[in-house]
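Examining the three-dimensional arrangement
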Amino acid sequence: GQQVMQIPQYQHVQEGEDFTTYCNSSTTLSNIQWYKQRPGGHPVFLIQLVKSGEVKKQKRLTFQFGEAKKNSSLHITATQTTDVGTYFCARGGGADGLTFGKGTHLIIQP
Amino acid sequence: ETGVTQTPRHLVMGMTNKKSLKCEQHLGHNAMYWYKQSAKKPLELMFVYSLEERVENNSVPSRFSPECPNSSHLFLHLHTLQPEDSALYLCASSQDLLRGEQYFGPGTRLTVT
């Protein structure tokens with residue numbers, strides 16, 4: 001499937017600071033999914049966005065889907081040490097499975 | 001615990017060995033997947049099964065051979081692997097191909113010596 005580009009690749013933040021990761025596609029996305037993988041763990045589904053301009057919140061996490069459905073973002077407010085991990089966006093689904101971005105590694109300094 | 005189990009969790013094998021990875025899902029899902037995750041590349045989809053039929057093969061070398069005997073079980077048979085095949089192999093399942101939310105197992109950490 002088509003690639004999805006994620007930036008940044010690494011993000012160091014002080015505990016309590018905010019964090020944002022971005023996912024971009026050159027083509028329109030039918031949907032975008034976000035996953036979190038803790039160090040030594042496996043990807044865990046966070047959310048799926050389907051509608052243009054959609055915004056969803058999960059506690060300190062805010063997910064957005066762009067109006068053109070070509071980009072998405074995940075924003076974490078006031079990071080905590082439990083937020084450490086790699087955040088992946090993924091496009092597709094269906095017979096092609098999911099195409100994952102390379103992920104953003106979030107490192108939190110206490 | 002996501003309802004997807006994988007065994008073994010760790011495997012070391014020589015290049016001439018034959019081994020199998022096992023995945024089992026207890027979620028009643030109809031679609032199952034094998035992914036490869038290595039340090040230098042993003043998650044790579046290897047195989048997709050829907051209702052026990054293979055629907056996708058992403059140009060995976062023939063030294064990897066999947067098997068899906070029923071909708072709850074998925075195997076990955078390995079033979080004559082190369083050191084560059086060392087990686088984390090993840091199994092995932094979803095309700096069906098159209099509902100893409102995927103549940104991953106803990107993975108098998110494979111080292112080929």
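For the structure, see preceding data.
Residues numbered from 1 in each chain as written. Chains lettered and ligands numbered in written order. Predicted model: local features only at pLDDT ≥ 70, side-chain atom pairs only at ≥ 80, totals over all residues. Heavy atoms only, no water.

1. Quick look at the pairing of strand 9 (residues 85-92) of chain A
All names here are of chain A. Note the following rule: Partly exposed describes any residue whose relative accessible area lies between the buried limit of under 20% and the exposed limit of over 50%, with all areas from a 1.4 Å probe on protein chains only and scaled to the type maximum. Working definition: helices are DSSP H or I runs of at least four residues, strands are E runs of at least two. Numbering for both runs from the N terminus. A pair of strands is labelled paired if DSSP reports no fewer than 2 bridges between them.
Most of strand 9 sits inside the fold, with seven of its eight residues counted as buried. For strand 4 (residues 32-37) and strand 9, the ladder comprises six bridges, and the chain directions are antiparallel. By the bridge assignment for strand 9, Tyr35 is matched with Phe88. Note that strand 9 and strand 11 (residues 104-109) share three bridges and pair antiparallel. What sits directly across from Tyr87, in strand 11, is Thr104. Where strand 9 lies against strand 10 (residues 98-100), three bridges are found, and the strand directions are antiparallel. Along strand 10, the bridge assignment pairs Ala90 with Phe100.

2. Digging into the side chain of B:Gln25
All names here are of chain B. Keep this limit in mind: Counted as a polar contact is a pair of N or O atoms within 3.5 Å, where, for protein atoms, one must be capable of donating a hydrogen and the other of accepting one, and residues adjacent in sequence contribute only when both atoms are in side chains. Two residues form a contact once any of their heavy atoms are found within 4.5 Å.
Tracing the backbone through its elements, the reader meets Gln25 in strand 3 (residues 18-25). In terms of polar contacts, Gln25 uses its side chain to reach the backbone carbonyl oxygen of His29, at 2.8 Å. Beyond its immediate chain neighbours, meaning those up to four positions away, Gln25 contacts Gly3, Val4, Met32, Ser71, Ser72 and Ser93.

3. Some details on the state of the cysteines
As used in these notes, a disulfide is a covalent bond between sulfur atoms, one from each of two cysteines. Rules: Note on terminology: pairs of cysteine sulfur atoms within 2.5 Å are recorded as disulfides.
In total, this model carries two disulfides over all chains according to the counting rule given. A sulfur-sulfur distance of 2.0 Å marks the disulfide that ties A:Cys23 to A:Cys89. Its torsion about the S-S bond being 75°, the disulfide of A:Cys23 and A:Cys89 is classed as right-handed. Pair noted here: A:Cys23 is in strand 3 (residues 19-24) and A:Cys89 is in strand 9, with a separation of 66 residues, a long-range link. Each of the two residues, A:Cys23 as well as A:Cys89, counts as buried. The disulfide that involves B:Cys23 links it to B:Cys91, with 1.9 Å between the sulfurs. Handedness here is read from the sign of the S-S torsion; for B:Cys23 and B:Cys91, about -70°, the answer is left-handed. Here B:Cys91 lies in strand 9 (residues 87-94) and B:Cys23 lies in strand 3, a separation of 68 residues in the sequence. Assessed through its relative accessible area of 0%, B:Cys23 is described here as buried. B:Cys68 carries a free sulfur, and the closest cysteine sulfur to it, the one in B:Cys91, is 9.1 Å from it.

4. Structural notes on the sheet that holds strand 3 of chain A
Strands in a sheet are paired, the pairing made by backbone hydrogen bonds, and the direction either parallel or antiparallel. All names here are of chain A. Which entries qualify depends on this criterion: Think of each axis as a best-fit line through the C-alpha atoms, taken over the contacting stretch in the case of a helix, with angles from 0 to 180 degrees between the N-to-C directions.
Reading across the sheet, the five strands line up as 1-3-8-7-6 and stay open at both edges, with antiparallel pairing between neighbours. Strand pairing shows two members of the sheet lacking a second neighbour, strand 1 (5-7) and strand 6 (55-58), which therefore form its edges. Here the average twist between neighbouring strands, direction ignored, is 15°.

5. Let's talk about the nonpolar core
Our working definition: In this description, a nonpolar core means a group of buried Ala, Val, Leu, Ile, Met, Phe, Trp, Tyr and Cys residues linked to one another through side-chain atoms lying within 4.5 Å.
Judged by nonpolar contacts, the single largest core of 22 residues is most densely connected at B:Trp34, B:Phe64, B:Leu76 and B:Leu78. Among the secondary structure elements, those contributing two or more residues to this core are strand 2 (10-13), strand 3, strand 4 (31-37), strand 5 (44-50), strand 7 (64-70), strand 8 (73-79), strand 9 and strand 11 (108-112) of chain B. Judged by nonpolar contacts, the second largest core, of 19 residues, contains A:Val13, A:Trp34, A:Ile76 and A:Ile108.

6. Description of unusual backbone geometry
What is expected of a backbone is that most residues other than glycine have negative phi and most peptide bonds are trans. In this model, A:Ile7 is joined to A:Pro8 through a cis peptide bond whose omega is -5°. Looking at where A:Pro8 falls in the secondary structure, it is placed in the loop between strand 1 and strand 2 (10-14). Residue B:Pro8 is bonded to the preceding B:Thr7 through a cis peptide linkage, with omega at -10°. Within the fold, B:Pro8 resides in the loop between strand 1 (4-7) and strand 2. Its identity is not glycine, yet B:Leu51 carries a phi of approximately 50°, on the positive side. Although it is not a glycine, B:Thr80 sits at a positive phi angle of roughly 50°.

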